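An overview of the molecular structure
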Amino acid sequence: MPRLTWSAVTLMYLFVFHDACAWNVSQKCTGDTKAFLTELQKETPRKYAVLMYDAFGKIGSDVEGGNVNRPGSQRECLSVEGPEFRGQYCQVFLKQDRVEYFVGVCVPDSCTESDVQTLVVYEAFEQKHISLLPSVPSILMSDSTLGIFMTQCFSDSPNVDLSAIVCLFVCCALLALPLIASIYVALIKRKRRREVRPAVGFAQTSNTNQYGAVLTNGSANQSKVCSDAPDASQTRNQNEENDQQGKYTQTVLSCLQALSVQNSSQGVLAMESSGSSYSSLNGIRILSLLWIISGHTVQLSAWSNLDNDKRWKDMVEKNPLYVLAFSGPVYLAVDSFLLLGGLLSAKSLLNSIQRSDDTLSFSLVAHFLFKRFKRIQPLHLFIVCLTIGLFSVVQRGVFWFIAEDEVFSCKKYWWSNLLLINNLFTITDICAPWTWYLSIDFQFYATTPFLIFLYRINKSVLVVVSSILLMLSSVTGALITGFLQLPVHQPTTLAYESYFQYYYNKPYTRYGPYLLGILAGIYMTTKKERLIKQQWQVVIGWLCSLSIMAVLVGLAYVLREVPPYPSLPHAVYQGIHRSLWALALVWIILACEEGHGGFVDKILSLGLWAPLSNISFACYLIHPIIIILYNGKQETTMHYTDFNFFYLFLGHLLLTVSIGYVLTVLIEKPYLFLSKR
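Each value, and the rule that gives it
- Residues numbered from 1 in each chain as written.
- Predicted model: local features only at pLDDT ≥ 70, side-chain atom pairs only at ≥ 80, totals over all residues.
- Heavy atoms only, no water.
- Helix = DSSP H or I, 4+ residues; strand = E, 2+ residues; numbered from the N terminus.
- Buried < 20%, exposed > 50% of the residue type's maximum accessible area, 1.4 Å probe, protein only.
- Contact = heavy atoms within 4.5 Å.
- Areas by Shrake-Rupley, 256 points an atom, 1.4 Å probe, with all protein chains shown as cover.
- Pairing = 2+ DSSP bridges.
- Axes fitted to C-alpha atoms, helices over the stretch in contact; angles between N-to-C directions.
- Patch = residues over 30% accessible without salt bridge, like charges linked within 9 Å, V, L, I, M, F, W, Y side chains within 5 Å.
- Salt bridge = Lys/Arg side-chain N within 4 Å of Asp/Glu carboxyl O.
- Lys, Arg positive; Asp, Glu negative; His and termini not counted.
- Charge placed at Lys NZ, Arg CZ, Asp CG, Glu CD.
- Phe/Tyr/Trp six-rings, centres within 6.5 Å; stacked < 30°, edge-to-face > 60°.
- Lys NZ or Arg CZ within 6 Å of the ring centre and 35° of its normal.
- Parallel < 35°, antiparallel > 145°, perpendicular 65-115°, else oblique.
- Left-handed = near helix turned anticlockwise from the far one by under 90°.
- Nonpolar A, V, L, I, M, F, W, Y, C, P; charged D, E, K, R; others polar.

**Section: the overall build of the protein**
- For the protein, the count of helices and strands is 26 helices and 5 strands.
- Of all 677 residues assigned to the protein, the portion counted as buried reaches 48%.
- Here the contacts in the protein between residues at least 6 apart in sequence split such that 79% fall between residues at least 24 apart.
- Accessible surface, the protein as shown: approximately 33,400 Å² in total, 62% of it carbon and sulfur.

**Digging into the sheet that holds strand 1 (residues 87–96)**
- Strand order in the open sheet made by the 3 strands is 2-1-5, with antiparallel pairing throughout. The two strands at the open ends of the sheet, each matched to only one other strand, are strand 2 (99–108) and strand 5 (147–153). On average, adjacent strands in this sheet sit at an angle of 25° to one another, irrespective of strand direction.
- Relative to strand 5, strand 1 is paired through 6 bridges, and the arrangement is antiparallel. Looking at strand 5, one finds that Phe93 is bridged to Met150.
- Each of strand 1, strand 2 and strand 5 touches helix 6 (residues 113–121); the most contacted strand, strand 5, lies at about 150° to it.

**Re a positive patch on the surface**
- A cluster of basic side chains, namely Lys189, Arg190, Arg193 and Arg194, defines a positive patch on the protein surface.
- Structurally, the position occupied by Arg194 is in helix 7 (residues 162–216).
- A relative accessible area of 54% places Arg194 in the exposed class.

**Points about the packing of aromatic side chains**
- This structure, assessed with the given rule, holds 33 aromatic pairs.
- Ring centres 6.1 Å apart and planes at 65° place the aromatic pair Phe373 and Phe442 in the edge-to-face group. Of this pair, Phe373 sits in helix 14 (residues 362–393) while Phe442 is found in helix 16 (residues 436–445), placing the two residues 69 residues apart along the sequence.
- Plain terms: the ring middles of Phe391 and Trp400 are 5.7 Å apart, the flat faces sit at 80° to each other, and that makes the pair edge-to-face.
- In this structure, Lys347 packs its charged tip against the face of Tyr278, placed 5.9 Å from the ring centre.
- Lying over the aromatic face of Phe154, Arg396 brings its terminal NZ or CZ to 4.1 Å of the ring centre.

**A few points about the pattern of salt bridges**
- This structure, assessed with the given rule, holds 15 salt bridges.
- The residue Arg75 makes a salt bridge to Glu635 at a minimum N-O spacing of 2.5 Å. Taken as a pair, Arg75 in helix 5 (residues 74–78) and Glu635 in the loop between helix 25 (616–632) and helix 26 (642–676) lie far apart in primary sequence, 560 residues in all.
- Assessed through its relative accessible area of 58%, Arg75 is described here as exposed.

**Some thoughts on the packing of helix 17 (residues 448–457) against helix 20 (residues 507–526)**
- Remark: helix 17 packs on helix 20, axes separated minimally by 11 Å, with the N-to-C direction vectors making an angle of 45°. In terms of their interaxial angle, helix 17 and helix 20 are classed as oblique. The hand of the helix 17/helix 20 crossing is right-handed. Facing Thr448, Leu451, Ile452 and Tyr455 of helix 17, the residues of helix 20 in contact are Tyr511, Tyr514, Leu515, Ile518, Ile522 and Thr526.

**Focus on the environment of Tyr504**
- With respect to the helices, strands and loops of the structure, Tyr504 is situated in helix 19 (residues 497–504).
- According to the relative accessible area criterion, Tyr504 is buried, its value standing at 7%.
- For the pair formed by Tyr504 and Tyr331, sequence separation is 173 residues and the distance between their alpha carbons is 9.8 Å.
- Aside from chain neighbours lying at most four places away, what touches Tyr504 is Val330, Tyr331, Val334, Trp436, Tyr499, Arg510 and Arg578.

**Some details on the packing of helix 18 (residues 459–484) against helix 22 (residues 568–593)**
- For the pair helix 18 and helix 22, the least separation of the axes is 7 Å and the interaxial angle reads 145°. Our pair here, helix 18 against helix 22, has a crossing hand that is right-handed. Contact residues: Leu470, Ser474, Gly477, Ala478, Thr481 and Gly482 in helix 18; His570, Ala571, Gln574, Gly575, Ile576 and Ser579 in helix 22.
- For the contact of helix 18 with helix 22, the per-class residue count stands at 4 nonpolar, 8 polar and no charged.

In structure tokens form, the structure reads like this:
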């Protein structure tokens, strides 16, 4: 290791530590840092100083490819035991030549974040021509000037406050109740089985004696009834009390039965679709979910974890083969979900109207909305509490940025999730950002009764109003894209926060697919005859549907560059592409239901999709937490290759399905059944 002369070290100390008070650095931090740097100058430094130096982030290879972050070693730093201090891992966020990156540093635990930032600003870690925080060489970046804009230090203990404790208690209680109910129900069933066996034998041997006794003692019983007449009212009161107690006991047992795993797990893994729902929807739902999980696996890593993010962008942004990961159109799978939501909401309400003597009443609409609210909120709020509790008790990792933001946002804006309005907020203020879909889905769900009402009044009125709403949604998306110069292609969207803030999760830009779903649901539920009657209709329908999907995917790559001026092609594409995607899916669903789906129908109707569809809601909500936790606990950057991330996707998928099943039978189903009881 290069060493300084004594005169150089002396000058450095005079410069760094003599003015510590002027820098507002604590005396303890100054002394401990001085001890560390002094130890480094020795011929054979002590072990703690070597570990601290080794834990500092170093410049790696492939800076041109995006390897600029220098995480260092958090584990090694936290293992340091100095003479009067322990190691503390901090991250210093720097900016150089328009490139932002962070460097991991190991400092004494007596230093605060402001102390560390002050020491960095005044180059306390400079040693002659060697720096523990060197800038990227000018051969790689033309401007070697460093700017520091943030410093954060990690504690070796979890940051648990009252809100985290409350959330952990809520999560544990929600999980514990079904488990306790399951144990109790199992014990009751076991007890009843034991009681039934001897009772059967006793009944068979005593039937003859019992009936004989009744016949011979009939007159005696009659006289006894007459003699006991004054006690009849007392006996009746006692019987009423017993009945009330029996009803109360039966209610408790019914609630426990509803909460039990024995009840909630029934049919979850069935290979057949429940009810009369369209079988092709299961395949569309699960394939869309897989598309979303694949995209999130890459997206959440690309924000901060990749050491070759530039090469990754160059590789995926121009190649349509990466459309199933994080490339091309932005999450068209979400529009598939919205289409299915609209179709099923219309079908559900029409069936409810039919069961209510063909009457669309206010109470029916209120029940329709409340049923949806209680269907999604137990698991939704569990995820919010889990986000706060889990990310608070787990020790922070090197890439804990997203998890930390989630905890902060959820503590401040949890109520927006409760009211299902979090999609109306700025993307940086959303608790568990992936839950925006639940809010927008419920908001669209609330429009279904209005459209059904118009349908029952006059079909022409429904067509006119629907056309206006569809046009308004498309024009709004186009205008926002044009004026704000938004991208239509990912991963280009990662550089445009305004895309997510003003367009992506807003109801006035995403209503088209849901509206088409409602109209499709009305038609498919009320139709009297088949729509497709001729073979040429089948050919044209499939040709148009698949062509539209292919063109929508291809145009996203053609329009991947964002011009510095309002672009008409970008605006038009943004305004109509989601509705066109939904329209193409409507044809696929209709063709499959009318027997013209061919091998596509066979794939979408596979029995494999049914159990996965039953747990898809829980899988959607839990998979980002798994990905964020995995990424946040990484000690080094990740390297993108197709094989690496395909393997990572399979791992996330396996955990998602496993935990999704557990949450379905312990949270989603039990509390849904309990509310019905």
